[in-house]
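# Secondary and tertiary structure notes
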Amino acid sequence: MASLKYWIWLAELPRVGSQLKLALLEHFGEPDAIYYGEKEEYSLVEGMNRSAVNALLDKSLEAADRILGDCDRLGLRVITLRDTDYPDRLRNIFDPPLLLYVQGRMPRFDDEVAIAMVGTRKVSPYAMEMGEKLAFQMAGLGAVIVSGLAAGGDAAAHRGALRAGGFTAAVIGGGHDIVYPKENRWLYEDIAARGVILSEYPPGTEHMGRHFPVRNRIISGLSVGVVVTEAPERSGALITANRALDQGRDVFVIPGQVGDYHCAGSNALLRDGAGVATDAWDVLSHYAERFPHKLRDLRLEEPRRFGGGSSTEEPKPPKQEKKPEQPALPVLDLGGAHGLTDDQLKLVKALQGRTVQVDDLIEETQIPTRRVLSALTVLELDRIVKQEAGKRFALAVELRR
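Please read all numbers here as calculations on a predicted model, not as lab measurements.

It is worth spelling out the overall build of the chain at this point. Scanning the chain for helices and strands turns up 17 helices and 14 strands. Seen along its three principal axes, the alpha-carbon backbone of the chain occupies a region of about 95 × 50 × 40 Å. Taken over 401 residues, the chain has a buried fraction of 53%. Counting only contacts in the chain whose residues sit at least 6 apart along the sequence, the fraction spanning at least 24 positions is 69%.

The strand order across the open sheet formed by 3 strands is E11-E13-E12, and the pairing between neighbours is antiparallel. The open sheet has two edge strands with one neighbour each: strand E11 (356-357) and strand E12 (385-388). Two elements, E11 and strand E13 (residues 392-395), share 2 bridges in a ladder whose sense is antiparallel. Of the residues in E13, the one forming a bridge with Gln357 is Arg392. Contacting E11, E12 and E13, helix H15 (residues 342-351) runs over the sheet at an angle of about 90° to E13.

Evaluated as defined, the whole model comprises 1 cavity of 30 Å³ or more. Looking at the largest cavity, its volume works out to about 50 Å³. Lining the largest cavity we find Arg121, Gly148, Leu149, Ala150, Ile172, Gly173, Tyr180, His207, Phe212 and Arg215. In the lining of the largest cavity, the residues fall into 5 nonpolar, 3 polar and 2 charged.

With that out of the way, let us pick up helix H2 (residues 18-28). For H2, the set of buried residues is Leu20, Lys21, Leu22, Leu24, Leu25 and Phe28. As for H2, its buried residues are in contact with helix H1 (4-11), helix H3 (31-35), helix H4 (39-42) and helix H5 (50-56). Just beyond H2, the residue with positive phi is Gly29, at close to 95°.

Between two aromatic rings, the relevant description is the distance of the centres plus the angle of the planes. Going through the model one piece at a time under the given rule, you end up with 6 aromatic pairs. Summarising the aromatic geometry, the rings of Trp9 and Tyr35 are spaced 5.0 Å apart at their centres and angled 85° between planes, so their arrangement reads as edge-to-face. Remark: Tyr35 occurs in helix H3 and Trp9 occurs in helix H1; sequence separation between them is 26 residues. Given the relative accessible area of 10%, Tyr35 is considered buried. For the pair Tyr180 and Phe212, a centre-to-centre distance of 5.8 Å together with 20° between the ring planes defines the contact as stacked. Pair noted here: Tyr180 is in the loop between strand E5 (168-171) and helix H10 (185-194) and Phe212 is in helix H11 (residues 211-221), with a separation of 32 residues, a long-range link. The partly exposed category is assigned to Tyr180, whose relative accessible area is 38%. Above the plane of the ring of Tyr35 lies Lys59, whose end atom (NZ or CZ) is 5.4 Å from the centre. A cation over an aromatic ring shows up here: Arg121 above the ring of Phe212, its NZ or CZ 4.8 Å from the ring centre.

What follows covers the confidence of the model for the chain. Low-confidence regions, as indicated by low pLDDT, have predicted coordinates that should not be scrutinised in detail. Scored by pLDDT, the chain has a mean of 88; 91% of the residues are at 70 or more. Between residues 299-318, whose pLDDT stays under 50, and residues either more than four places distant or in other chains, the model counts 40 contacts. Low pLDDT, under 50, characterises residues 321-326; the predicted model gives this stretch 0 contacts beyond four residues in sequence or across chains.

Right, let's talk about the packing of helix H8 (residues 125-140) against helix H9 (residues 153-163) for a bit. Between H8 and H9, the shortest axis-to-axis distance is 7 Å and the interhelical angle comes to 40°. Note on packing geometry: the crossing formed by H8 with H9 is right-handed. Between H8 and H9, the contacting residues are Met128, Gly131, Glu132, Ala135, Phe136 and Ala139 on the first element and Ala156, Ala157, Arg159, Gly160, Ala161 and Arg163 on the second. Per-class residue counts for the contact of H8 with H9 are 7 nonpolar, 2 polar and 3 charged.

All right, on to the pairing of strand E7 (residues 225-228) then. Look at any regular strand and the pattern is simple: side chains alternate between the two faces of the sheet. Burial of E7 is two-sided: the residues Gly225 and Val227 facing one way and the residues Val226 and Val228 facing the other way are all buried. Summarising the sheet, strand E3 (residues 114-118) and E7 pair through 4 bridges and their orientation is parallel. Each bridged residue has a counterpart across the sheet, and for Ile115 the counterpart in E7 is Gly225. Here 4 bridges tie E7 to strand E8 (residues 250-253), and the two strands are oriented parallel to one another. Its bridge partner lying in E8, Val226 is registered against Val251. Between E7 and its parallel partner E8, the chain crosses via helix H12 (residues 236-246), and the hand of that crossover is right-handed.

Let's shift gears to the packing of H1 against H2. Here H1 crosses H2 at 140°, and the two axes come no closer than 10 Å. Looking at the two axes, H1 sits oblique to H2. Residues Trp7, Leu10 and Ala11 of H1 form the contact with H2, whose participating residues are Lys21, Leu24 and Leu25. Tallied by class, the residues present in the contact of H1 with H2 amount to 5 nonpolar, no polar and 1 charged.

Take Val123: it is sitting in the loop between E3 and H8. C-alpha separation for the pair Val123 and Glu230, spaced 107 residues apart in sequence, amounts to 7.0 Å. Sequence-distant contacts of Val123, that is, excluding residues within four places in its chain, are made with Met128, Gly152, Gly153 and Glu230.

To continue, consider the pattern of salt bridges. Following the criterion strictly, the structure yields 13 salt bridges and no others. The salt bridge partner of Asp272 is Arg271, with a shortest N-O separation of 3.3 Å. The pair formed by Asp272 and Arg271 is uniform in burial state, with each residue classed as exposed. Overlapping salt bridges bring together Asp95, Glu200, Arg217 and Arg243 as one network.

Calculation notes
- Residues numbered from 1 in each chain as written.
- Predicted model: local features only at pLDDT ≥ 70, side-chain atom pairs only at ≥ 80, totals over all residues.
- Heavy atoms only, no water.
- Helix = DSSP H or I, 4+ residues; strand = E, 2+ residues; numbered from the N terminus.
- Buried < 20%, exposed > 50% of the residue type's maximum accessible area, 1.4 Å probe, protein only.
- Contact = heavy atoms within 4.5 Å.
- Pairing = 2+ DSSP bridges.
- Axes fitted to C-alpha atoms, helices over the stretch in contact; angles between N-to-C directions.
- 1 Å grid on protein atoms, 1.4 Å probe; cavity = no way out; pocket = protein on both sides within 12 Å on 5 of 7 lines; lining within 4 Å.
- Points joined across faces, edges and corners; volume = space filled by probe spheres on them.
- Nonpolar A, V, L, I, M, F, W, Y, C, P; charged D, E, K, R; others polar.
- Phe/Tyr/Trp six-rings, centres within 6.5 Å; stacked < 30°, edge-to-face > 60°.
- Lys NZ or Arg CZ within 6 Å of the ring centre and 35° of its normal.
- pLDDT = per-residue confidence, 0-100.
- Left-handed = near helix turned anticlockwise from the far one by under 90°.
- Right-handed = clockwise from strand over helix to strand, strands pointing away.
- Parallel < 35°, antiparallel > 145°, perpendicular 65-115°, else oblique.
- Salt bridge = Lys/Arg side-chain N within 4 Å of Asp/Glu carboxyl O.

Below you can see the structure in the form of C-alpha cells.
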C-alpha cells in the first residue's frame with residue numbers, strides 16, 4: 001500500500017476533478033506512482049487537460065505532511081479507497097471519496113442496516129419530534145443511523161440514536177477540529193465517544209456551503225436507505241434523496257401536512273413513489289430478510305421513558321385515604337430500558353426528592369456546564385424534569401429502581 005502522504009497529496013490536488021483522480025488511479029495503480037509520473041504519461045490519461053497536468057507537476061508534500069501531523073494530534077485515522085475497511089457500498093458509487101478521516105469506531109458498514117436520515121435545518125417542531133422518535137426506534141431495533149451533524153433534522157436523528165443506546169455515524173462537511181454548527185459541540189463529542197465522525201476534508205477545513213451537497217453523496221452511499229424527515233421544495237435533503245436514488249438506494253419520507261411549506265419537497269417525493277415512514281418497521285421491514293442477524297424481530301415504540309411495564313398500563317396510586325386530587329406522577333424505572341444517557345441518569349438521581357439550582361447540580365455531579373445544560377434541556381422536553389423559578393429543577397416523575 002502506498003504511503004498515506006501520497007494519497008493525501010492526490011486528494012488535495014487543486015484543479016483535478018474527482019473523476020480524473022479516479023482515472024489516474026486506474027492508469028497508474030497507486031498514488032505514489034502518480035506522484036512520480038512524468039508530464040508525458042499524465043497526458044495519456046483520458047480527460048486530462050493542461051491545468052490538471054500543471055497541478056500534478058507540483059510535487060510538494062508539505063501540506064500532506066502537515067495534515068498527517070494534525071491527524072496524529074487529533075487522534076484521527078485515515079482510510080483510503082484501497083483499504084479493506086473502506087466500505088464497498090461507498091467504493092461502488094459513481095464518485096467515491098479517495099479517503100476518509102475517521103474519529104471514533106468505524107463499523108463494517110457493508111454488514112449493517114445503515115439508514116441515512118436527512119432533513120432541513122429549519123425543521124418544524126413536528127418533524128423534529130418525529131425524526132428523533134424514528135431514529136430512536138430504528139437504532140433500538142439494531143439499525144445504524146447516518147446523518148450530517150447539521151442543525152435541525154440531522155441533530156434530531158443523532159440524538160434519537162444515542163438515546164436508544166444505538167450507533168450513529170456523522171458525515172461532516174469540514175475538518176474534525178472545527179465544530180459546525182457550534183451549538184452541536186456536545187452532540188459532536190457524544191458521537192465521537194459512542195459512534196463515528198467521518199469527513200473527506202482534512203483538519204483545518206472550514207465547513208462551507210458548497211461542501212454540504214458534496215458530502216451528501218457519502219451519507220447516502222454508506223446507507224441502504226434514506227429517510228427524509230422534512231424538506232421544502234429547495235432543500236439539501238432533496239439533493240441527498242436524489243443522490244440516493246442515483247446510487248440505487250431506497251428513499252422513505254415522513255409524511256407532512258399537505259400545503260405546509262416546510263414539507264412541500266418531501267411530500268412531493270411521496271407523490272413520486274417514495275416509501276412512507278411512520279414508524280421504524282415501515283423502513284426496516286425492507287431489510288429484515290437481508291440482515292436477519294442485525295435486526296431484532298419486534299416492533300419498538302419509543303418508550304414513555306418511564307418504562308419497565310407495559311406502555312399501555314397506567315401507574316396505579318397506592319390505596320390510601322383520599323387526599324386532595326393530585327395526578328399520579330409517571331414512573332421512571334431505572335432498572336428498565338429508560339433510554340437515559342450517563343449524564344441524564346446522574347442528574348436524575350441528583351434531583352431525587354428535592355429542587356436544585358443548576359449551579360449546585362454542576363458542582364455536585366462534576367459534569368461540565370454545557371453538558372449539564374444540554375442534558376437538562378432534553379430531560380425537560382421529555383417531561384422527566386421541570387424547571388421552576390430561579391433556574392431550579394425538580395423531577396416530574398417518580399423514580400423506581
